[in-house]
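Architecture at a glance
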Amino acid sequence: MSRRPEIGNVQLYPDRPLRESDRNGYMLKFYCPIRCQRIRRNCGTRDRREARRMQRDCRERLLNGEYLASGGAITEAQVVQAAVPAVPAVAVNPNGDGGPTWQECCERYVEHRRLRVREGSLVEIVSRLGIAERILEARQRELRRTAGLLMSEVATLECLEDLQRRLLRGEVCRYSTRSPNTVNTLMGAVMAFLRFCGSRGLIASVPELEKVDAEEVMKGRPVTEAEFQRMLDATPDVVGRDSAASWIFALKVLWESGFRVGEMMDFSWDDSRHIHPVWSKVSERLPTILIPATQKNGLVQEIPMLPGLQTLLGSVPERLQRGWVVELEGVEIPGTSRPGVFRPSPVDLKRLVGRYSNSAIGRACGVSETAVRKWLQQHDLPTCAAEAAGAEVPASEIRAMMGRAAVSPGASRTISRGRLTVEHVSRVIARIGRQANVVVQQANARTGRRKKFASAHDLRRGLAERLINAGVSAETLKVVMRHKDFGTTEKHYGAMRSAQSAGQEVLSRLSPTQQVSPQNSELVGGLVGGQKKAPQLSAEELLVLKSLLAKL
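Residues numbered from 1 in each chain as written. Predicted model: local features only at pLDDT ≥ 70, side-chain atom pairs only at ≥ 80, totals over all residues. Heavy atoms only, no water.

**Notes on the overall build of the protein chain**
Defined as follows: In DSSP terms, a helix is any run of H or I states spanning at least four residues, a strand is any run of E spanning at least two, and both are numbered starting from the N terminus. A simple rule labels every residue: compare its accessible area, found with a 1.4 Å probe on the protein chains alone, to the largest value its type can have, and call it buried under 20%, exposed over 50%, or partly exposed in between. In what follows, a contact means two residues having at least one pair of non-hydrogen atoms within 4.5 Å. Only the protein chains shown count as cover for residues, and all accessible areas are computed by the Shrake-Rupley method using a 1.4 Å probe.
Along the protein chain, the regular secondary structure elements total 22 helices and ten strands. Across the 552 residues of the protein chain, 43% fall into the buried class. Sequence separation of at least 24 residues holds for 63% of the intrachain contacts in the protein chain that already meet a minimum separation of 6. Element-wise, carbon and sulfur atoms account for 53% of the exposed surface of the protein chain, whose accessible area totals about 30,800 Å².

So, in structure tokens, the structure goes:
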């Protein structure tokens, strides 16, 4: 027997502080009298206090009938926003036969993908679908449609093309626009979700959506040796003098290995469960690197250790060759120059909690209320009292606390929370590229591309370019770069390699006096033959060769 609906039973999910993996923010779950079923609505905020206020407003509107009268607005602000366009509302069948909602299908899809993709891929799926959901809900409000994002309304060509246009315009984005490649990636996640719904009969059909025209090129370019040296020189200015040595070593590991940041952080000296070097005791065998299936392509691989990486690892004293190869120290954050901004000592903070509100403490310290809540969480202190008659911290007490402050105005501090995350390391390396002014992509208004500075992946591209210039074959390049299939190598580095091969062939044909090394002659597949003249084929041999080529 089904549970009786409880009008006004509004649940906040998750009922805890958000983590980095909670990409969708806070959600409200409640019984909708319009849809006659339980639904989920996005609060549109990552502030827990704001989400709880919306929870109270939604409960009150459900109980006094304002939710039903407004067509499903959970707050008064949504009523005001929806009242601007004078478009007649589109009613939804109260019996619920309009079909399943986006939220219901999305929960099923995420649970389905949870067992089939890696955790990082699942986070990306949830994030992309969350962006699409927020844009589609805004579209619904503009069209004056009632609560519940129905899949039957989403799975139309008109709706999906409108979603494409809104993504390109930069809705729900920190930038003013999105690049066509980013839009195609986001729409790819939406179309995969729709195909899942179509295969299970949740929607009638899946529209055929045409991709946005985009250039199939790298998001950056290979970093040169001179540019890499500039990044090394700029590292102390970004991370601080005390931490610079560990970050310079990390950049050199990326430069000599071609690792991605996640792989570098998983590089161990002696733990076979992670990426680790294999030192052969036989002099004829070269050292290699064993990579488990946790890498991006999902394969267990053993690749040759490049000479530069071997030299770099050999420079580390043997007594230090334990644990992680790369141990990054905390990044030094320069102090703020704003007057009156400080962080009180734990003793002062504990004393303030029972007397003043979060906002009052924030005003006294020159920070936001969110910063105060983070301080309280770090010291396991209870939430401050509610606004108590607008009490403010006296100026004399503020001056006294500044003298005892844990972080004084203008003072620098080192951020260290144990082992740094992959995302944090990637951001710091991007800051180093910006500080060194290594531009790997110029802004292009026509294609929607923004100016981009060197990142960790551009160091990986730099290794590939050095290998190509050294005459390494495409098959060896695929092994070193650990691409899942040869198509990836050809897509990103085929043009560069073709240019080198063509240049060597033209040089050997047009400049007979020019010396071409046997190593470089292999760039054209060994067909040139170095300085030796290739024998001419007879007419019969040419016919046999043509017939063989026709059968391929």
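Right, picking up where we left off after that structure.
**So, the confidence of the model for the protein chain**
The condition is simple: For every residue, the predictor reports its confidence as pLDDT, a number between 0 and 100.
Looking at the protein chain as a whole, the pLDDT averages 80, with 77% of positions reaching at least 70. In this model residues 80-96 is a low-confidence stretch, pLDDT under 50, and it forms 22 contacts with partners more than four residues away in sequence or in other chains. Overall, residues 518-532 carries pLDDT values under 50, and its contacts beyond four positions in sequence, including any with other chains, amount to 20 contacts.

**Considerations on the packing of aromatic side chains**
The description of an aromatic ring pair rests on the distance of the ring centres and on the angle between the ring planes. Quick note on the threshold: Each aromatic pair joins two rings of Phe, Tyr and Trp (for Trp, the six-membered one) with centres within 6.5 Å, and gets the label stacked for planes under 30 degrees apart, edge-to-face for over 60, and tilted for any other angle. Cation placement over rings: the criterion is NZ of Lys or CZ of Arg within 6 Å of the ring centroid and within 35° of the ring normal.
Tallying each qualifying case throughout the model produces six aromatic pairs. When the centroid spacing of 5.1 Å and the interplanar angle of 55 degrees are considered together, the rings of tyrosine 109 and phenylalanine 196 count as tilted. A residue pair is termed long-range when its members are at least 10 positions apart, and tyrosine 109 in helix α4 (residues 102-114) and phenylalanine 196 in helix α8 (residues 180-199) qualify at 87 residues. The burial state of tyrosine 109 is the same as that of phenylalanine 196; both residues are buried. On the basis of an interplanar angle of 85 degrees and a centroid distance of 5.2 Å, the ring pair of phenylalanine 259 and phenylalanine 267 is categorised as edge-to-face. Its relative accessible area of 1% is what places phenylalanine 259 among the buried residues. Among the aromatic residues, those joined into a ring-pair cluster are Trp102, Tyr109, Phe193 and Phe196. Positioned above the aromatic ring of tyrosine 13 is the side chain of lysine 29, whose terminal nitrogen or guanidinium carbon lies 4.6 Å from the ring centre. One Lys or Arg, arginine 466, reaches over the ring of tryptophan 255 and ends 4.0 Å from the middle of that ring.

**Concerning helix α15 (residues 369-378)**
Applied cut-off: In this description, one arc is meant: the one made by directions from the helix axis to the C-beta atoms.
Buried residues of α15: Val372, Arg373, Trp375 and Leu376, and no others. In an axial view of α15, the angular spread of the buried residues amounts to 155 degrees, which keeps them on one side of the axis. Among the residues trailing α15, aspartate 380 stands out with phi positive, at a value near 55 degrees.

**Some words on the sheet that holds strand β5 (residues 288-291)**
As a reminder, the rule being used: Paired strands, as defined in this entry, are two strands with at least two bridges between them according to DSSP. Lines are fitted to the C-alpha atoms to define the axes, a helix being fitted only along its stretch in contact, and any angle between axes, read from their N-to-C directions, falls within 0 to 180 degrees.
Strand order in this open sheet of three strands is β4-β5-β6, and the pairing throughout is antiparallel. A single partner strand is all that each edge strand has here, and the edge strands are β4 (276-278) and β6 (301-304). Mean inter-strand twist for the sheet, computed between neighbouring axes without regard to direction, equals 35 degrees. Across three bridges, the pairing between β4 and β5 is antiparallel. Note on β5: the bridge partner recorded for histidine 276 is leucine 290.

**With respect to the sheet that holds strand β1 (residues 11-13)**
As summarised here, the arrangement of the three strands in space is β1-β2-β3, forming an open sheet in which the pairing is antiparallel. The strands lining the two open edges of the sheet, one partner per strand, are β1 and β3 (37-42). Pairwise comparison of adjacent strand axes, ignoring direction, gives a mean angle of 30 degrees for this sheet. The pairing of strand β2 (residues 27-32) with β3 spans six bridges and is antiparallel. Within β3, the position partnered with tyrosine 31 by the bridge is arginine 38. Set on the sheet, helix α1 (residues 48-64) makes contact with β1 and β2; between it and β2 the angle comes to about 10 degrees.

**Regarding the pairing of β2**
Both faces of the sheet carry side chains from a regular strand, because those side chains alternate between them. With respect to burial, β2 is a largely interior element, five of its six residues being buried. Where β2 folds back on β3, the antiparallel hairpin that results is connected by four residues, among which cysteine 36 adopts a positive phi of roughly 60 degrees.

**Brief notes about the nonpolar core**
To be explicit about the condition: Only buried residues count toward a nonpolar core, which is a set of Ala, Val, Leu, Ile, Met, Phe, Trp, Tyr and Cys residues joined through side-chain atoms within 4.5 Å.
Trp247, Phe259, Met264 and Val425 are the most contacted members of the largest nonpolar core, which has 45 residues in total. If you list the elements that add at least two residues to this core, you get α9 (225-239), α10 (244-257), α11 (261-265), β5, α12 (307-314), α17 (422-435) and α18 (456-469). In terms of residue count, α10 provides more of this core than any other element does, eight residues in total. Setting aside residues no more than four positions away along its own chain, tryptophan 247 makes contact with Thr235, Val239, Leu328, Glu329, Val331, Leu420, Val425, Val428 and Ile429. In terms of nonpolar packing, the next biggest core, distinct from the first, is built from 33 residues, Trp102, Ile131, Phe196 and Leu202 among them.

**Considering a negative patch on the surface**
Rule in force here: Only residues above 30% relative accessible area that lack a salt bridge enter a patch, with like-charged residues linked at up to 9 Å and the nonpolar side chains Val, Leu, Ile, Met, Phe, Trp and Tyr linked at up to 5 Å. We define a salt bridge as a side-chain nitrogen of Lys or Arg found within 4 Å of a carboxyl oxygen belonging to Asp or Glu. All tallies of charge rest on Lys and Arg as positive and Asp and Glu as negative; His and the ends of each chain are not included. In this description, the location of a charge corresponds to atom NZ of lysine, CZ of arginine, CG of aspartate or CD of glutamate.
On the surface, Glu158, Glu161, Glu210 and Asp213 cluster together into a patch of negative charge. Mapped onto the secondary structure, aspartate 213 falls in the loop between α8 and α9. Judged by its relative accessible area of 72%, aspartate 213 falls in the exposed class.

**What to know about the state of the cysteines**
Stated precisely, the cut-off is as follows: Pairs of cysteine sulfur atoms within 2.5 Å are identified as disulfides in what follows.
Under the defined criterion, the tally for this structure stands at zero disulfides. The cysteine cysteine 43 is free of any disulfide, with cysteine 58 supplying the nearest cysteine sulfur at 8.6 Å. A relative accessible area of 8% means that cysteine 43 is categorised as buried.

**Some points on helix α14 (residues 358-365)**
Where burial is concerned, most of α14 is hidden: seven out of the eight residues are buried. Where α14 is concerned, the buried positions are Asn358, Ser359, Ala360, Ile361, Gly362, Ala364 and Cys365. Structurally, α14 contributes buried residues whose contacts are with α1, α13 (346-353), α15 and α16 (395-403). One or two steps after α14, the chain reaches glycine 366, where phi turns positive at roughly 75 degrees.

**A word on empty space enclosed by the protein**
Remark: the empty space left among the atoms is shown by a probe the size of a water molecule rolled over them. Note the following rule: Grid points spaced at 1 Å and placed over the protein atoms alone form the basis of the search, with a cavity being a set where a 1.4 Å probe fits but cannot get out and a pocket an open set showing protein on both sides within 12 Å along at least five of seven lines. Lining residues have an atom within 4 Å of a point. Grid points are joined across faces, edges and corners, and a volume is the space filled by probe spheres set on the points.
In total, this model carries three cavities of 30 Å³ or more according to the counting rule given. In this model, the largest cavity occupies a volume close to 50 Å³. In this structure, the largest cavity is lined by Leu136, Arg139, Gln140, Leu143, Arg145, Leu149, Glu153, Val154 and Cys159. Of all the secondary structure elements, the ones that give two or more residues to the lining of the largest cavity are α5 (119-142) and α6 (151-154).

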